[in-house]
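What follows is the residue order along each chain.
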Amino acid sequence: MAVPSHANATASKLIVCVIDAMAPAPLERAVSDGSVPTLAALIERGRYVNQCAAAFPSVTPVCAASIMTGVGPDRHGIPGMNWYDRASARYVEYGSSLRASQRFGIAGQLTDTVYNLNQVHLSPSALTVFEALDDAGIRTAGTTYLVYRGRYRHEPRRDGWLTRLASPFARHPVLGPREFFYADIFASQPAPCSSILGMPGIRDRHSGCVGEYLLEHDLADFLLLSLPDNDWYSHKHGPDAQVHSLARADLQLARVADAVGGLDALLEDFAVVVLGDHAHAAVDTSVDLVGALSELGVAGPRQPSDGAAIAVCPSQRAAMVYMLDPMTRDSVRQRVVGSALGLVGVDLACWLEFDAHDRPVAAAVAAASGAQLRFAPGEDVHDLRGGGWSVDGEIDAFEMVVRDGVVHSPRYPDGFARVWSALMCEHAGDVLLSAASGYEFLDWGGQAHGGGGSHGSLEAQDSLTGLIMCGVQPPASEPGQWAIRDVAPIVANHFGIDLPSVPAAQGAV
Ligand SMILES: [Zn+2]
């Protein structure tokens, strides 16, 4: 679809709006039934892509880091919703559920999510769009978002009872965008907005209120507007119900536009990009991976991991397993892969293979059917984004099609690059699992979303989100497969700056 002339390609400012978990099918239904008039207008005036690939695992922390840095987990370092930090021999939990957080300790979970994710876990060499734009003197602003690292120092708020309630967990300053709002903990301006400490269902309103204030007062050239409630609603009611929660997100987007006189006036000054970070799949059955692997000796959530052979990290429809003893890594890995693929509900197991010098040489993927595939960067085939791969194994069994040297996988979009990047992440487990359709891994709190929606897997249904671009220039050479990591370069390009290329973590080839 060409960009119609009434989309203002010269708007100097930019809003990137992330609607968590926005799935293309309910979005398109909401557009046609008239319940998302702002999104419909942006699609009509701009460009809509309905197959924009998430990162893998397709969960929010991993995807938020990819959106904000333009790179995959091999370069940004965030591997999942829950992961095992080998350096400090403990689990990191970003908030799979309240009960999971309670198992690990609420204070530790909040510290990991609010502070460590940005300050410690996110690779310092992966520049965020906030950091790049701050360096260029562009006025950045952000509403509550998991990845916020920028160049401006912000002290936690001390006013108000909500803030005092959060204060035991939020005493320290952070580096964020120039204008920074995060739940009720950080607020760089006296905007009359409250998120009731990030309560589901309230968070979109908080973002809309902050966005309205920032635009009314002309405080932002670049605004990251995060609308997270769609994910919560879709987890609870299933992906079809997103028609309702997308309509509520649309109201907040309209509210921000109204701050400057409506959408037409907004688009005079602002280009607007709207995307989901991943999508959602309907789930009805859960897989107790921790229980199934318990006989191998699983590190517990609080006790030191002495004597445990493995750490198990469910991330909704993905999971990671870490081998804790390097001497027995390969033999334990084989047992883990065998046990996991024997469980009903596990679709794929992925791991790296190493040479005699312990350098990774290939990724191996095994399916529940027994089919196996090995691949590594090479030149046998190219994917839709131009990446080259050497491939060995039963490619047909993974529903991958090779035509004229180009590999395409409708079932596992951008599959090679996403699996490779996930496995090469320095914080990733030794074995990555992807759940079968309809299944989800129980988290450490024993929670899942049976009867609702979930995400995390390599499958298209969780992985392909919507991307709306209105008033921005698409990349000069358009990708054959769009991905959420295309957004950061689009932002940089809009402001005429370069995002430096990010080196892979040590040990990556
Ligand atoms: Zn979610």
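About the cut-offs
- Residues numbered from 1 in each chain as written.
- Predicted model: local features only at pLDDT ≥ 70, side-chain atom pairs only at ≥ 80, totals over all residues.
- Heavy atoms only, no water.
- Donors = N, O, S within 2.8 Å, 3.2 Å for Na, K, Ca; no water.
- Tetrahedral: all angles 85-135°; square planar, octahedral: opposite > 155°, others 65-115°.
- Helix = DSSP H or I, 4+ residues; strand = E, 2+ residues; numbered from the N terminus.
- Buried < 20%, exposed > 50% of the residue type's maximum accessible area, 1.4 Å probe, protein only.
- Core = buried A, V, L, I, M, F, W, Y, C linked by side-chain atoms within 4.5 Å.
- Domains from an automatic or database assignment.
- Contact = heavy atoms within 4.5 Å.
- Pairing = 2+ DSSP bridges.
- Axes fitted to C-alpha atoms, helices over the stretch in contact; angles between N-to-C directions.
- Parallel < 35°, antiparallel > 145°, perpendicular 65-115°, else oblique.
- Left-handed = near helix turned anticlockwise from the far one by under 90°.
- Nonpolar A, V, L, I, M, F, W, Y, C, P; charged D, E, K, R; others polar.
- Phe/Tyr/Trp six-rings, centres within 6.5 Å; stacked < 30°, edge-to-face > 60°.
- Lys NZ or Arg CZ within 6 Å of the ring centre and 35° of its normal.
- Disulfide = S-S within 2.5 Å.
- Buried area = accessible area lost by both parts, 1.4 Å probe.
- Salt bridge = Lys/Arg side-chain N within 4 Å of Asp/Glu carboxyl O.
- Polar contact = N/O pair within 3.5 Å; in protein donor to acceptor, adjacent residues only side chain to side chain.

Regarding the coordination of the zinc ion
Reasoning step 1: Ligation of the zinc ion by protein atoms is provided by D231 (OD), D231 (OD), H235 (NE2) and H455 (NE2), these donors lying 2.1 to 2.4 Å from the ion.
Reasoning step 2: What the 4 donor atoms of the zinc ion show is an angle range of 56 to 149° at the metal, which sorts the shape as irregular.
Reasoning step 3: Donor residues for the zinc ion, ordered by position in the chain, follow D-x3-H-x219-H. Remark: H455 occurs in the loop between β24 (453–454) and α16 (460–463) and H235 occurs in helix α10 (residues 229–237); sequence separation between them is 220 residues. Across the pair, exposure class does not vary: H235 and H455 are buried alike.

Notes on the nonpolar core
Reasoning step 1: Formed by 113 residues in total, the largest nonpolar core has its most connected members in V16, F222 and I310.
Reasoning step 2: Both of domain 1 (13–78 + 122–280 + 457–494) and domain 2 (282–454) provide at least three residues apiece to this core.
Reasoning step 3: In contact with F222, not counting residues within four places along its chain, are L14, V16, V129, F130, L133, I138, R139, T140, A141, V491 and F495.
Reasoning step 4: In terms of nonpolar packing, the next biggest core, distinct from the first, is built from 42 residues, L39, A249, L253 and V256 among them.

Focus on the sheet that holds strand β11 (residues 270–275)
Reasoning step 1: Spatially, β2-β25-β11-β1-β10-β5-β8-β9 is the arrangement adopted by the 8 strands of the open sheet, whose pairing is mixed. At either margin of the open sheet sits one strand with a lone partner, and together these are β2 (47–53) and β9 (186–187).
Reasoning step 2: Judged from the 2 bridges that link them, strand β8 (residues 179–182) and β9 form a sheet pairing that is antiparallel. Counted as the bridge partner of F181 is A187 from β9.

A look at the packing of α10 against helix α11 (residues 242–258)
Reasoning step 1: Packing of α10 against α11 brings their axes to within 9 Å, and their N-to-C directions diverge by 165°. The angle between α10 and α11 places the two elements in the roughly antiparallel class. In the crossing of α10 with α11, the sense of the turn from one axis to the other is right-handed. Side by side, α10 and α11 meet where N230, Y233 and S234 of the first sit next to Q242, H244, S245 and L246 of the second.
Reasoning step 2: A per-class count over the contact of α10 with α11 returns 2 nonpolar, 5 polar and no charged.

Concerning the packing of aromatic side chains
Reasoning step 1: Tallying each qualifying case throughout the model produces 17 aromatic pairs.
Reasoning step 2: Geometrically, the ring pair formed by F130 and F222 is edge-to-face, given 5.9 Å between the ring centres and 70° between the ring planes. One end of the pair, F130, is in helix α7 (residues 129–135); the other, F222, is in strand β10 (residues 222–227), with 92 residues separating them in the sequence.
Reasoning step 3: For F222, a relative accessible area of 0% gives the class buried.
Reasoning step 4: Considering the side-chain rings of W232 and Y233, the 6.3 Å spacing of their centres and the 65° angle between planes classify their relative orientation as edge-to-face.
Reasoning step 5: Taking the relative accessible area as the measure of exposure, Y233 reaches 19% and is therefore buried.
Reasoning step 6: Chaining the aromatic ring pairs together yields one cluster made of Y84, Y91, F104, Y322 and W444.
Reasoning step 7: Just above the ring of F354 sits the side chain of R329; from NZ or CZ to the centre is 4.2 Å.

Notes on the state of the cysteines
Reasoning step 1: What the rule picks out here adds up to 1 disulfide.
Reasoning step 2: For C17, which is in no disulfide, the shortest distance to another cysteine sulfur is to C470 and amounts to 13 Å.
Reasoning step 3: Here C425 is not cross-linked by a disulfide; its sulfur's nearest cysteine counterpart is in C313, at 12 Å.

Description of the domain arrangement of the protein chain
Reasoning step 1: One can read the domain layout of the protein chain as domain 1 (13–78 + 122–280 + 457–494) and domain 2 (282–454).
Reasoning step 2: Put simply, the middle of domain 1 and the middle of domain 2, counted by C-alpha atoms, are 28 Å apart.
Reasoning step 3: Between domain 1 and domain 2, the contact holds 35 residues from the first and 34 residues from the second.
Reasoning step 4: Of the roughly 2,600 Å² buried at the junction of domain 1 and domain 2 (both faces included), carbon and sulfur atoms supply 55%.
Reasoning step 5: The largest share of the area that domain 1 buries against domain 2 comes from F56, H235 and L458, three residues that together contribute 26% of it.
Reasoning step 6: Our count for the contact surface shared by domain 1 and domain 2 stands at 5 salt bridges.
Reasoning step 7: Summed over the shared surface of domain 1 and domain 2, the result is 20 residue pairs in polar contact (both at pLDDT 80 or more).

Side note on the pattern of salt bridges
Opposite charge on two side chains permits them to pair, given that their charged atoms come into close proximity.
Reasoning step 1: Taken as a whole and judged by the stated rule, the model has 27 salt bridges.
Reasoning step 2: Here R333 makes a salt bridge to D330, at a shortest N to O gap of 3.6 Å. Taken together, the positions of R333 and D330, both in helix α14 (residues 329–341) and 3 residues apart, correspond to about one turn of that helix.
Reasoning step 3: A residue is classified by how much of its surface remains accessible, and R333, at 11% relative accessible area, is buried.
Reasoning step 4: For D330, a relative accessible area of 40% puts it in the partly exposed group.
Reasoning step 5: Note that D347 and R411 form a salt bridge whose closest N and O atoms lie 3.3 Å from each other. Here D347 is found in strand β16 (residues 346–354), whereas its partner R411 is found in the loop between β21 (406–408) and α15 (415–423), with 64 residues between them in sequence.

Some thoughts on the packing of helix α2 (residues 37–45) against α11
Reasoning step 1: At a closest axis distance of 7 Å, the pairing of α2 and α11 adopts a crossing angle of 70°. As far as their axial angle goes, α11 and α2 are roughly perpendicular. Facing α2, whose interface residues are P37, T38, L39 and L42, α11 presents D250, L253 and A254.
Reasoning step 2: Taken together, the residues of the contact of α2 with α11 sort by class into 5 nonpolar, 1 polar and 1 charged.

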